[in-house]
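Residues per chain are reported as follows:
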Amino acid sequence: MRKISTLLLSLAMVTAAGAQTFTVGNMEYTVTDAAAKTVALTNARYDEGYGRDVVIPATVADGGTEYMVTAVGDEAFYMQNWVNSVSLPENLTRIGNYAFSRTAITEIAIPESVTHIGECAFANTAIVEALLPESITSVSNGLFSWCTYLAKVEFKGEITSIGQSAFGACFSLTGITIPESVTSIGDGAFFNCEKLMNVTIPSRVESIGGWAFAGCESMTEIYVPENVTSIGQGAFSNCKSLTKVDIDANITELGAEMFDGDENLLSVTIPSSVTSVGDFAFNGCTKIFGVELPDGLTYLGKSAFYECRNLVSVNLPPGITSLGDYTFYLCINLANVEIPDGVNNIGNYAFAYCRSINEVTVPGSVRKIGDNAFESTKVQKLTLGDGISTIGSNAFSGCPVTEVTIPESVTAIGDGAFSYTGLSSITLLPAAMPAIGENAFNVTGEDVTVYVHSALAEESKALEAFAGFTIESLPVSVRFPNIQECVSMQDGVLSNPGGLHITVYDTSGVVVYNGNAVSVQLPAGVYMVRSGKAARKVAF
């Protein structure tokens, strides 16, 4: 008996489910509310007798019951490329996801009754103009994406958000007025809108998504208002005509690839609130000539200024602790850069081929100088702070430097570190011989003198790295620096013009400074200054 009851129930359910869908002409409808007698158009098929111009009726009848058509369902006409035009009924309230995507329609009149338009509803169509009614308050993801003929868009309502890729790849769109009511612009909202000219970002906008305006090749200027708190990765990348960016926003991060490939960018105003500049942020900005980084910056990403060939100057704030790989690679006009005392790592190729840099001081806070970090620069004067432990392979290869002092702290010198340089004088301060890589000192000259601790003289003569060089013992003045001449105190500033690595103690023996800054601000008092085995008392 139970099996028969279950079978009858199943048959009843199938019958009920079947009654929910019916076909009129070449269109299929599904009942959405039996009591209210409403249906959604859910599918259509090509029938030569009905033509290519679709008219969706306001009402349809089935089995003697008249239903009101209030919705066009998800994918109802998706990829129905036989559809040339569509007329929507005035009582329609909903248009589903991909409803008309990949059809051949060239225009659409959306009734005021529509309150919801789904994702990609008109994507990949031939629509030329679009007017969104007052009842629409948000532009859904991908709504008009890849509408390559879309040239004009108007909004009648209080739009609050523009979704992801909403107008992506609308190649013919030349202008758009974003309503003042908008608070968010989604990822890729206008990506690859190649003809889109200058856009005004409304004052209420709080977030701009990644790649939001990427590839807008005709845009020349952009202003980011103060209410914006986040800008996504690559938001303004590959904007080939962009020359000026003014960011008034309260953001903390200038994201990765933010201006990547903006080859005509001349200037950017970076707000003081920014603490991080992401990887490849200014990569390929070949015309930018100067950047003012905020004092509170603590992170500068890899390749941040890769191949910024016209960059002449950049300030490195004191809070930066690391310079990533390729940070200033191929910045051929970048002149001398002051590396802050506090940086602990200089990445691979960080300053490689910066052919206008002729003087470098690497502070003692740096533990490693990366491979090829200063390769083929024009460094003639090089100061290495005590604290560095590793000098990477080819770190200074091809530099015209003629003399170098290797700090006591160095334990490894990589392959080709000083190859093809003009070195004639090498001073090694380490008490134990560092590990020296192959061709580390394969210099261009023949008359080279190496100064080492006397205890290392015989070992040095046997090293292949120093083959053919003259080995001498360190002068006393090098082993025990004349701190009386190197360090002075005036008006509360400890002056250390030679960049000597010093440690400063107060009267309690507490270290108040350790490094090689050229000037150190100290409160009034008595101090002991040490450098190696030399010491001096100073007071003011």
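This text gives an overview of the structure that appears in the document. (Residues numbered from 1 in each chain as written. Predicted model: local features only at pLDDT ≥ 70, side-chain atom pairs only at ≥ 80, totals over all residues. Heavy atoms only, no water.)

Now for the pattern of salt bridges. What the rule picks out here adds up to 5 salt bridges. Salt-bridge contacts for R45 lead to D47; the nearest nitrogen and oxygen are separated by 3.7 Å. You can call R45 partly exposed: its relative accessible area is 44%. In this structure, E307 engages R309 in a salt bridge whose closest nitrogen and oxygen atoms are separated by 3.0 Å. For E307, a relative accessible area of 25% corresponds to the partly exposed category. Accessibility expressed as a relative area gives 30% for R309, which makes it partly exposed. (Salt bridge = Lys/Arg side-chain N within 4 Å of Asp/Glu carboxyl O. Buried < 20%, exposed > 50% of the residue type's maximum accessible area, 1.4 Å probe, protein only.)

With that settled, the discussion passes to the packing of aromatic side chains. Going through the model one piece at a time under the given rule, you end up with 30 aromatic pairs. Seen in terms of ring centroids, Y326 and Y329 are 5.2 Å apart; in terms of plane orientation they differ by 70 degrees. Their pairing is edge-to-face. By relative accessible area, Y326 is classed as partly exposed at 28%. Judged by its relative accessible area of 15%, Y329 falls in the buried class. (Phe/Tyr/Trp six-rings, centres within 6.5 Å; stacked < 30°, edge-to-face > 60°.)

Moving on to the pairing of strand β39 (residues 502–505). For a regular strand, side-chain orientation follows a simple rule: the groups alternate between the two sheet faces. As paired strands, β39 and strand β40 (residues 511–515) are joined by 4 bridges and run antiparallel to one another. Bridging across to β40, V504 finds its partner in Y513. What sits between the antiparallel neighbours β39 and β40 is a turn of 5 residues, in which G509 has the positive phi angle 85 degrees. Two strands pair when backbone bridges link them, and β39 and strand β42 (residues 526–531) are joined in this way by 3 bridges, in the antiparallel orientation. Counterpart to T503 in the pairing with β42 is R530. (Pairing = 2+ DSSP bridges. Helix = DSSP H or I, 4+ residues; strand = E, 2+ residues; numbered from the N terminus.)

Moving on to the layout of surface pockets. Volume-wise, the second largest pocket comes out at about 220 Å³. Every residue lining the second largest pocket is counted, 13 residues in all, and those nearest its centre are N439, A440, N442, E464 and A465. Here the residues of the lining of the second largest pocket are counted per class, giving 7 nonpolar, 4 polar and 2 charged. (1 Å grid on protein atoms, 1.4 Å probe; cavity = no way out; pocket = protein on both sides within 12 Å on 5 of 7 lines; lining within 4 Å. Points joined across faces, edges and corners; volume = space filled by probe spheres on them. Nonpolar A, V, L, I, M, F, W, Y, C, P; charged D, E, K, R; others polar.)

Take the side chain of T377 next. Here T377 shows up in the loop between β28 (368–369) and β29 (381–384). From its side chain, T377 meets the backbone oxygen of F374 in a polar contact 3.0 Å long. Look past the residues within four positions of T377 in its chain and what remains in contact with it is F351, Y353, C354, R355, I357, G398, C399 and P400. (Polar contact = N/O pair within 3.5 Å; in protein donor to acceptor, adjacent residues only side chain to side chain. Contact = heavy atoms within 4.5 Å.)

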